[in-house]
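# Geometric and topological summary
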Amino acid sequence: MFKIGFGNDIHRLEVGRKLILGGVPIPSEKGAVGHSDADALLHAITDALLGSLALGDIGSHFSDRDEKWKDADSAVFLRSAIELVRAEQFEIENIDSIITIEQPKIKPYISEIRENVSNILMISVDRISVKAKTHEGLDSVGLGGAVKAEAVVLIGRFN
Ligand code: MG
């Protein structure tokens, strides 16, 4: 049996914050604003995993009003989501994702991001696709005011 999940996320970008995507710190003039480390990609993948089994969303599991998650490493959220998926005897088939940000260019960091996500989820890197694009100067993302991420995940169970 297969199930599919979809997740997305957006974070405001401001000078003086760190930009972390897929757990990888990326040198940037502006960083992402959020309660945790504001890692839009890990949040989108976490939401996709939770969605695949209709387990709610990242906010229902890790409230942004909970002091416990202030500046939290978002790998914690992703690990928790994959544990829930594995508890139901499902395993990830593959993940596809897109990061949309005007600058900096994410391409030089893609392989490191894929490796890092593969380590967090304990699946091979060839099951993880990470793509990056700009928003062509349009809207808040295109004007450099936000970073967005989207992810789809396919999970399978073979018993
Ligand atoms: Mg988020």
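Position numbers for residues count from 1 along each chain, tracking the sequence in the order it is written. It should be noted that, the model being predicted, local features are given only for residues of pLDDT at least 70 and side-chain atom pairs only at 80 or more, the latter also being counted only at that level, while totals for whole chains, interfaces and linings use all residues. Side-chain numbers come from the whole structure's heavy atoms, not from hydrogens or water.

## Structural notes on the coordination of the magnesium ion
The cut-off we apply is this: Metal sites are built from N, O and S donor atoms within 2.8 Å, or 3.2 Å for Na, K and Ca, and they leave out water, so they may look incomplete. Exposure is judged per residue with a 1.4 Å probe applied to protein chains only, and the accessible area is read against the type maximum: over 50% gives exposed, under 20% gives buried, and values in between give partly exposed.
Looking at the magnesium ion, the protein donor atoms are Asp9 (OD), His11 (NE2) and His43 (ND1), and they sit 2.1 to 2.2 Å from it. Along the chain, the residues donating to the magnesium ion are arranged with the sequence spacing D-x1-H-x31-H. Relative accessible area serves as the criterion here: at 12%, His11 is assigned to the buried category.

## Considering the nonpolar core
As a reminder of what qualifies: We define a nonpolar core as any set of buried Ala, Val, Leu, Ile, Met, Phe, Trp, Tyr and Cys residues linked to one another through side-chain atoms lying within 4.5 Å. Here, residues are in contact when the closest pair of their heavy atoms is within 4.5 Å.
Membership of the largest hydrophobic core comes to 40 residues, with the highest contact counts inside it found for Leu21, Leu49, Ile92, Ile99, Ile113 and Leu121. Not counting chain neighbours up to four residues away, the residues in contact with Ile113 comprise Leu21, Gly22, Val24, Ile26, Leu41, Ile99, Ile106 and Val130. Counting residues in hydrophobic clusters, the runner-up holds five residues, among them Ile58, Phe62, Trp69 and Ala72.

## Comments concerning a nonpolar patch on the surface
Quick reminder of the rule: Grouping into patches uses exposed residues only, defined as over 30% relative accessible area, and leaves out salt-bridged ones; the cut-off is 9 Å for like charges and 5 Å for nonpolar side chains (Val, Leu, Ile, Met, Phe, Trp, Tyr). Note on areas: Shrake-Rupley, 1.4 Å probe, and residue coverage restricted to the protein chains presented here. Whenever a carboxyl oxygen of Asp or Glu lies within 4 Å of a side-chain nitrogen of Lys or Arg, that contact is scored as a salt bridge.
A cluster of nonpolar residues, Ile4, Phe6 and Val152, forms a patch on the protein surface that exposes about 300 Å² of accessible area. A residue is classified by how much of its surface remains accessible, and Phe6, at 52% relative accessible area, is exposed.

## Considerations on the environment of Trp69
Note the following rule: In this text, helices come from DSSP runs of H or I with a minimum length of four residues, and strands from runs of E with a minimum of two, each type numbered from the N-terminal end.
Relative to the elements of secondary structure, Trp69 occurs in the loop between α2 (58-61) and α3 (75-87). Trp69 sits in the buried class, given a relative accessible area of 15%. Along the chain, Trp69 and Ala146 lie 77 residues apart, while their C-alpha atoms are 21 Å from each other. Among residues more than four places away in sequence, those in contact with Trp69 are His35, Ser36, Phe62, Ser63, Val76 and Phe77.

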